[in-house]
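Chain by chain, the residues run as shown.
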Amino acid sequence: MRYILVLFLLFTPTIQANTINVCSSCSIKTIKEAVQLAKDGDTIFIKKGTYKETRIFINKSVHIIGENYPVIDAENKTDSVFAVKADNFSISGLKFINIGMSHTKEIAAIFVSHSNNFTIKDNIAENVFYGLILQRAKYGVVQNNRVHGRSDAKNETTAGNGVHVWKSSHIRIEQNELIGMRDGIYLEFVDKSFISNNTSLDNIRYGLHFMFSNHNEYHHNEFKNNGAGVAVMFSKFIKMHHNTFHYNWGTASYGLLLKEINDADIFNNVFEQNTIGINVDGCNRINYKENHFIRNGWAVKFTGGCYTNIFEYNNFMHNAFDLSYNSRLNDNKFEANYWSEYSGYDLDKDGIGDVPHRPVKLFSYVVNKTPEALVLLRSLFVDIINFSEKVSPVFTPDNLLDSKPLTDPVNPIYE
Amino acid sequence: MYICILKKISKMRLKASVFVVLLSLFFATSCKVEPKEINYGQDHCLLCDMTVVDKSHSAQYVTKKGRAYMFDAVECMVMKVNKDKNEDLMEFLLVADYANPGNLVDAKTATYLISEKIKSPMGANLSAFSSNETAKKFLNKNGGKLFNWDQLKIELSK
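Residue numbers here run from 1 along each chain, matching the order of that chain's written sequence. Ligands are numbered from 1 and chains lettered from A, in the order in which they are written. Per-residue local features of the predicted model are confined to residues with pLDDT of at least 70, and side-chain atom pairs are confined, for both listing and counting, to 80 or more; whole-chain, interface and lining totals are unaffected and use all residues. Heavy atoms from the whole structure form the basis of all side-chain values; hydrogens and water molecules are not counted.

Attention now goes to the side chain of Ser168 of chain A. Residues and elements named next belong to chain A. For helices the rule is a DSSP run of H or I covering at least 4 residues; for strands it is a run of E covering at least 2, with both sets numbered from the N terminus onward. Topologically, Ser168 is positioned in strand E16 (residues 163–174). Given a relative accessible area of 6%, Ser168 falls into the buried group. Side-chain atoms alone can form a polar contact between residues adjacent in sequence; in general such a contact is a pair of N or O atoms within 3.5 Å, and within protein one must be able to donate a hydrogen while the other accepts it. Looking at Ser168, its side chain comes within polar contact range of the main-chain nitrogen of Ala137, at 3.0 Å. A distance of 3.0 Å separates a polar atom in the side chain of Ser168 from the backbone oxygen of Trp166. Each residue's exposure class comes from its accessible area (1.4 Å probe, protein chains only) as a fraction of the maximum for that residue type: buried when under 20%, exposed when over 50%, partly exposed otherwise.

Structure (structure tokens):
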């Protein structure tokens, strides 16, 4: 027994992490060289300076730390700066600029594939095609990075995504800032991931985009001034809460686009000044609770067959249309919401209006058929037909009503 | 007599001018059935409603009446045609040439490649090529399988 112990002690490899410094006056002048020299567990410090390097392959567990944001200039070459295929690595504190563009190749500041347990944080990427790409990755953290798209991306629709994740799981994307990309954050076949506290602005297509991704949660993000705020498509079990969707204006722009989504929870979000707050297309079993819809063109627009969408305790305030509907009610439910358009009364003062509210205006049907009719929105004639429809519904489903409209807003965010 | 001729001429002129006006009106209002420029970053896909941004995977069909509809991915157009069975109603079926981004080519004569290595917007890994040779080149480089239009419709209806 004692011998075994001695043997065990003799053959236990000594774990010793080294540090390697990289700078223009150091013995090691390039990052590539440092990575080649490094062993598993080593730390590479990159001192302030400019490094013109691409195609740095990392296949070992190293920690790369930039001091005072050293600049890595890819000089618009069509290669990623870091291509990582390793577990337990980290990259932080670097500034990447001028990542080249290609029609056929995904080029990023950091391209991670087949990797587990990693952290990418506190980096800046400017004038880039893609910011970060993660493929077949697990248990990764992407934190506090700032990604700016290429300056020519506004006209050029060949922009890439800020954080692009494909076939991965258990990824945390938090506190990042994504500006002027195609999609701020793009997830395709990504499961069990969290996206929180990110800011996604001025992106050409979506602030955040889910495709075929299940069991994810995104919260406390801000989506502003994008082509459309967030698109959640062909996905299941997504939780969306405490997000802000605003200023997504355009002919067919959305705060949130839901396309064939099942079993989602949407709560405590703010939808303000979007052409369409939420566009619901072919979605089932979704709970909408305590959301604020403020000054949108359409707060909620239903298209396609939808079942069991439950709206409770939401505030609909000053939207041109609170609700647009093009089919039968099915088993969707609108109950106990606050509607700023509600003109009923509450004699028993229990906070619930005594007469039901009909949120769908007849005119919204007309606009669905003939969008050009919208110019008549504020005309007296339209007011009259809306009123007469409210009194005796003929065209709108007569069971489409909120039987318990609230007389006061739920947790108002503005006084 | 003289006046009569003058009248006749003016009448003819009137007729001619009316004719010219009508003719020009006819040309001005007649809608030519032709493909439309895709407004990348603005147009929405008819099937999936996504914004069309990818110049190397977009597609478009134009009905015999001249209405053009855009698709963000070739697979969206194929699925739409499969779903609605409306291929006969189309004057043009066009797909973007992957090797030549932004260029729309005839869908029925194009060669299609499904390859894991080349991702497309709606997850079918499908791209289109105007020339068979180029498609083969990409096949050799990336692996996958080639299809023609009819085979592709069957493949995507599985």
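Moving on, there is more to tell.
Below, the discussion takes up the state of the cysteines. Residues and elements named next belong to chain A. Here, a disulfide means two cysteine sulfur atoms that sit within 2.5 Å of each other. For the structure on display, the rule yields one disulfide over all chains. Across the disulfide, Cys23 is cross-linked to Cys26 (sulfur-sulfur distance 2.0 Å). Judged by the torsion about the S-S bond (100°), the Cys23/Cys26 disulfide is right-handed. Residue classification places Cys23 among the buried residues on the basis of a relative accessible area of 11%. We classify Cys26 as buried; its relative accessible area is 16%.

Attention shifts here to the interface of chain A and chain B. Taken together, the contact between chain A and chain B spans 23 residues of the former and 19 residues of the latter. For any pair of parts, buried area is found by adding up, for both, the accessible area (1.4 Å probe) each one loses once the two are put together. Both faces considered, chain A and chain B share a buried interface measuring about 1,800 Å² in area, 53% of it formed by carbon and sulfur atoms. Salt bridges, as used here, are contacts in which a Lys or Arg side-chain nitrogen is within 4 Å of a carboxyl oxygen on Asp or Glu. The tally of links between chain A and chain B comes to two salt bridges. Residues Lys119 of chain B and Glu106 of chain A are paired through a salt bridge, measuring 3.6 Å at the closest nitrogen-oxygen approach. The interface formed by chain A and chain B includes three residue pairs in polar contact (both at pLDDT 80 or more). A breakdown of the residues in the side of chain A that touches chain B according to their chemical character gives 10 nonpolar, six polar and seven charged. In what follows, a contact means two residues having at least one pair of non-hydrogen atoms within 4.5 Å. All amino acids are sorted into three groups, where Ala, Val, Leu, Ile, Met, Phe, Trp, Tyr, Cys and Pro are nonpolar, Asp, Glu, Lys and Arg are charged, and the leftover types, Gly among them, are polar.

Residues and elements named next belong to chain A. Positionally, Gly131 belongs in strand E13 (residues 130–135). You can call Gly131 buried: its relative accessible area is 1%. In the structure, Gly131 is positioned 278 residues away from Pro409 in sequence and 41 Å away in space, judged by C-alpha atoms. Those residues in contact with Gly131 that sit more than four places away from it in its chain are Ala108, Ala109, Ile110, Val147, Asn161, Gly162 and Met181.

Note that predicted coordinates carrying low pLDDT should not be read in detail. Averaged over every residue, the pLDDT of chain A is 90; the share at 70 or more is 94%. Within a predicted model, pLDDT stands for the predictor's per-residue confidence, ranging from 0 to 100. Element-level mean pLDDT values for chain A span from 59 in helix H1 (residues 2–11) of chain A up to 97 in strand E19 (residues 194–196) of chain A.

Moving on, we come to the packing of helix H2 (residues 74–84) of chain B against helix H4 (residues 149–157) of chain B. All names here are of chain B. Only the contacting stretch of a helix is used when fitting its axis, a line to C-alpha atoms as for every element, and angles between N-to-C directions run 0 to 180 degrees. Across the interface, H2 lies against H4 with an axial gap of 10 Å and an inter-helix angle of 80°. Taken as axis vectors, H2 and H4 run roughly perpendicular relative to one another. Here Glu75, Met77, Val78, Val81 and Asn82 of H2 come into contact with H4, specifically with Trp149, Leu152, Lys153, Leu156 and Ser157. In terms of residue class, the contact of H2 with H4 is made up of six nonpolar, two polar and two charged. Each angle receives one of four descriptions, namely roughly parallel if under 35 degrees, roughly antiparallel if over 145, roughly perpendicular if within 65 to 115, and oblique otherwise.

All right, on to the sheet that holds strand E7 (residues 145–147) of chain B then. Across a sheet, paired strands are connected by hydrogen bonds in the backbone, their directions being either parallel or antiparallel. Residues and elements named next belong to chain B. On the basis of which strands lie adjacent, the open sheet formed by three strands has the order E6-E5-E7 and antiparallel pairing. Single-partner strands in this sheet number two, and they are strand E6 (126–129) and E7. The sheet shows a mean angle of 30° between the axes of neighbouring strands, taken without regard to direction. Between any two strands, at least two bridges found by DSSP are needed for them to pair. Where strand E5 (residues 111–114) meets E6, four bridges bridge the pair, whose relative direction is antiparallel. By the bridge assignment, Thr111 is partnered in E6 with Phe129.

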